[in-house]
Amino acid sequence: MSEAPVQSKAASVRMLRDLAASIDPARMRRQRFLKTVEAMERHDVDVLLTLTAPNVNYVCGARIPLSESGREQYVPVVSVVVRDKDRPPHLFTPTPQGAPPDLPAEHVHPPLVPEFAQGVRQMVDSLRRLVGPALDGKVAVDDLTAAMYTMLPELLPEATIVNGVGVLQDARMVKTEDEVRCIRMAQVINEGAAYDVLEALRPGVRESDLTATYLRSIYELGATGNALDAIWQVTPQMLRDGPHTLNGELAFVTVPNDRIIRDGELIMMDTCVEYLGYGSDLGRTWLCAMRPHLSSQQRDQYQRWREVFERMREEVRPGRTALDLRRAALHIGGPKPWLSHHYIGHNIGLALAEPPFIGTDLGLDYEESMELKPGMVFVLEPCIWEDGVGVYRAEELLVVTENGNEQISDFPHGPWAGE
Amino acid sequence: MTLHGLQGVDYEERIDFARLRADRFRRCLDAMERHGLDALILGKPWNARYAAGFRNTYVAGKRGFSPTAIVIRESREIHLFTSNSNGVPPTVPLDHLHLPHWDPANTTASVKNVLGPVARGRIGVDAMSPVYAELFKREMPHAAFVDGEVAMREARAVKTHEEIECLKISLAVAEAGMYAVVSSLNPGVTERELVGVFGEAIARLGVTIPAVDGTFCVVPTSGDEISTRQWGQAPFRELVEDRPLAAGDLVALTSGALYLGYASDVGRTWQCGDEGVSPQRRDLHRRWAEVYEAMELACRPGNTGADVWRAAATVNPPSPMPLAHGIGLGFEPPVIGLDQGRELDQEWVMQPGMVLVLQPYVWREGVGGVFSKETILITEDGCRRLSNFPYGPLSG
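Residues numbered from 1 in each chain as written. Chains lettered and ligands numbered in written order. Predicted model: local features only at pLDDT ≥ 70, side-chain atom pairs only at ≥ 80, totals over all residues. Heavy atoms only, no water.

**With respect to the domain arrangement of chain A**
Interface size is commonly expressed as the accessible surface area that is lost when the partners come together.
Residues and elements named next belong to chain A.
Next, step 1: Here chain A is described as being made up of domain 1 (9–16 + 175–417) and domain 2 (43–171).
Next, step 2: Computed over C-alpha atoms only, the centres of domain 1 and domain 2 are separated by 33 Å.
Next, step 3: Facing eleven residues of domain 1, the contacting portion of domain 2 comprises six residues.
Next, step 4: Summing the contributions of domain 1 and of domain 2, the shared interface buries around 620 Å²; its carbon and sulfur component is 63%.
Next, step 5: In terms of surface lost to domain 2, no three residues of domain 1 exceed Leu276, Leu350 and Pro355, which account for 58% of the buried area on that side.
Next, step 6: Counting every contact that joins domain 1 to domain 2 gives zero salt bridges.
Next, step 7: Linking domain 1 with domain 2 are one residue pair in polar contact (both at pLDDT 80 or more).
Next, step 8: A per-class count over the side of domain 1 that touches domain 2 returns five nonpolar, four polar and two charged. (Domains from an automatic or database assignment. Contact = heavy atoms within 4.5 Å. Buried area = accessible area lost by both parts, 1.4 Å probe. Salt bridge = Lys/Arg side-chain N within 4 Å of Asp/Glu carboxyl O. Polar contact = N/O pair within 3.5 Å; in protein donor to acceptor, adjacent residues only side chain to side chain. Nonpolar A, V, L, I, M, F, W, Y, C, P; charged D, E, K, R; others polar.)

**Description of helix 2 (residues 45–52) of chain B**
All names here are of chain B.
Next, step 1: A large share of helix 2 lies buried, amounting to seven of its eight residues.
Next, step 2: Of all the residues in helix 2, the buried ones are Trp46, Asn47, Ala48, Arg49, Tyr50, Ala51 and Ala52.
Next, step 3: A positive phi of about 70 degrees marks glycine 53, the residue just after helix 2. (Buried < 20%, exposed > 50% of the residue type's maximum accessible area, 1.4 Å probe, protein only. Helix = DSSP H or I, 4+ residues; strand = E, 2+ residues; numbered from the N terminus.)

**Focus: the pairing of strand 18 (residues 374–378) of chain B**
Residues and elements named next belong to chain B.
Next, step 1: Counting buried positions along strand 18 yields five of five residues, so the element is predominantly enclosed.
Next, step 2: Side chains Glu374, Ile376 and Ile378 of strand 18 all project onto a buried face; the interleaved residues Thr375 and Leu377 project onto the opposite face, where all are buried too.
Next, step 3: As paired strands, strand 15 (residues 355–358) and strand 18 are joined by four bridges and run antiparallel to one another. Across the sheet, residue valine 355 finds its bridge partner in strand 18, namely leucine 377.
Next, step 4: Bridging between strand 18 and strand 19 (residues 383–385) involves three bridges; their strand directions are antiparallel. In the strand pairing of strand 19, isoleucine 376 is matched with arginine 385.
Next, step 5: Once strand 18 ends, the chain turns through four residues before running back antiparallel as strand 19. (Pairing = 2+ DSSP bridges.)

**Topic: unusual backbone geometry**
Next, step 1: Of note, the bond from proline 355 of chain A into proline 356 of chain A is cis; its omega dihedral lies within 30 degrees of zero at 0 degrees.
Next, step 2: Mapped onto the fold, proline 356 of chain A is located in strand 15 (residues 354–358).
Next, step 3: Not every positive phi belongs to a glycine, and aspartate 44 of chain A is a case in point at roughly 55 degrees.
Next, step 4: Along the chain, aspartate 44 of chain A falls in the loop between helix 2 (25–42) and strand 1 (47–50).
Next, step 5: Judged by relative accessible area, aspartate 44 of chain A falls into the partly exposed class, the value being 43%.
Next, step 6: Phi at arginine 76 of chain B takes a positive value of approximately 55 degrees, unusual for a residue other than glycine.
Next, step 7: Relative to the elements of secondary structure, arginine 76 of chain B occurs in the loop between strand 2 (69–72) and strand 3 (77–81).

**Some points on the environment of glycine 222 of chain A**
Next, step 1: Tracing the sequence through the fold places glycine 222 of chain A in the loop between helix 9 (207–220) and strand 8 (225–226).
Next, step 2: C-alpha separation for the pair glycine 222 of chain A and alanine 186 of chain A, spaced 36 residues apart in sequence, amounts to 8.8 Å.
Next, step 3: Setting aside residues up to four positions removed in sequence, glycine 222 of chain A forms contacts with Ile189 and Tyr275 of chain A together with Arg192 of chain B.

**Points about the sheet that holds strand 9 (residues 250–255) of chain B**
Residues and elements named next belong to chain B.
Next, step 1: As summarised here, the arrangement of the three strands in space is 8-9-12, forming an open sheet in which the pairing is antiparallel. In this open sheet, the two edge strands, each paired with only one partner strand, are strand 8 (215–218) and strand 12 (266–271). Ignoring strand direction, the axes of neighbouring strands in this sheet form an average angle of 15 degrees.
Next, step 2: Sheet topology note: the strand 9/strand 12 ladder contains six bridges and is antiparallel. Bridge pairing in strand 12 links leucine 253 to arginine 268. (Axes fitted to C-alpha atoms, helices over the stretch in contact; angles between N-to-C directions.)

Given below as structure tokens:
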């Protein structure tokens, strides 16, 4: 099988203009808020308090600059929703510029500081003022600072604190049309930048040099953030050469560094950019060589990858479950086509990896309970590895449609696919 | 000020990383002792880096709580949840690595197993989630789970010698990124492109993670110019857009690098293009420098965050950003000058070895604003500036 390289950075740029114009952020915010309140109804939750940026973005559309975790911990963005479609959420933010224009001014407040005991008391006072007696009901939170964890039972003795992560996972799982377009934007930006990186990839460059090219390129193409320290993992030929692993499988992910890439090395790359909070996920295996040559065993690895992926793709349709996808992947027989500490599939949205997860220790019952619905966006990432031979790992994004699926990712597989 | 290079060399001692890890671990154990903690369960990546030297895959933003490192005080053991030894320092034996799980119930069983008899003791957690709160309580009913973040904050507040060397390198890397940005500050370049210029420049030095998706934004010259509400505070734009810069635009430039986890936060306000700078803008910069110097004078052992805040209290309209914050492994407390943090400002007492970023914002209707930053180290008798970047056109 051969795939013609129909894509290029220039083609990505052309696509981006139309895609960006097709996104209606106001409609997206309205639909997500309604879905949040509906999920609160299903979970019988009175108040939903969120302290993590993706959930706050989902609930009310507020954005803050992506940063290392400390900044978000000590000056977090926080939102609170009551179970009423007519009452807009309240937002506490260090970045008023990122508050959505449709949120009434009296619903936007200076930031809270719940990492500190005084901050938790102030937070409870503020919430009491804003949501009233609902705070004595069922309160779902998506995150607890250590101070909240130890103090909330005393400060809210009447309330029942429940898991808000589940409520929002439920709301967020099926994407609206605008959300899918945001993911598509992020993916096209990511792929556009990956063409630049491929051009820079040659023996003698450092992993960090590839990141330099990548960072320059994603922002030229319109990324609103870089979500992951880009991975260009040089894969050890033999397991014994690599980091020690606890399960005797290939080490993945390893952290990027300033190591010089040498001729003939296999690079497992994995990158994620952000567009309006939505992630992309581009994973490929690259061969860095002056004269690229793949052994017949390495070509077989790609064929095996292709077969696993195609089997899985056929099952990506409404009514199937995550378990059906696991079974499709295992249909090929032989060693499990993914690394067992990882997964073979997950969803993507405001988080880089969202449920449902496929192939993890969450178990078969969990996977069977996860039914595919139109609007879910899957990342499928079989990984075919054999000690001494090499690896082929690649990721593809599929959105579930009414009667099947549509592939969002469109990046070539290089010499493996005979290109 | 001496500054080490980034490579390892044999002809001189640069940063002693074994000492960096040992000093941090000792400070962590001391804090555990003061707070009566038998064990710490750490989920925050910077706390795990501090206590255990563990470098995890970097993902931007705050993640939900999941146990990453466990420290047991009496046996001085460190345990990590990771599937391989990459990113694990040599001080952690391989049999102290444990496979991470996706199912929190399996992770809880693993945590309980690692803790052994300590699971009946006083255990600090640095964060929590509703799911783990329930599982921990159910599976370890005899443990007393308490706030362990307080102890970690205390341990991290005063920097060791090696930490200060890392912070200096991080600053130098971010300043290099900023030089690339000011050389690209020509009419037509977009705010967003400058984020890429900064990222590319630091990655060329081998440092692949910006501490924040930086602010390279045109400063509003009028309160009506930006649609967001600022609670009577000075208007500021922090999120970049696809906005091309025009000659004469006043641009707030701030970003930072993460060198081995140590963050930098560099900020300057620059004018785009070659036009002369107006006297009003020079005045604004002078006013910024005056406020900054007053804040710097307030930074000495024994003073509190409230002293720093008072030094800048004459600024009107007030800044929507914190006036100052701590820096170390990432952004750290104190966060000085927030409306909700007055009490905290008072409680935060300066000691030698603390590192602060001072960042007043001075804005005037019709003129614009100056948002620049300096990083200072509290010394025995005052403070010392660690940052070193010119003020550019505004300073004349």
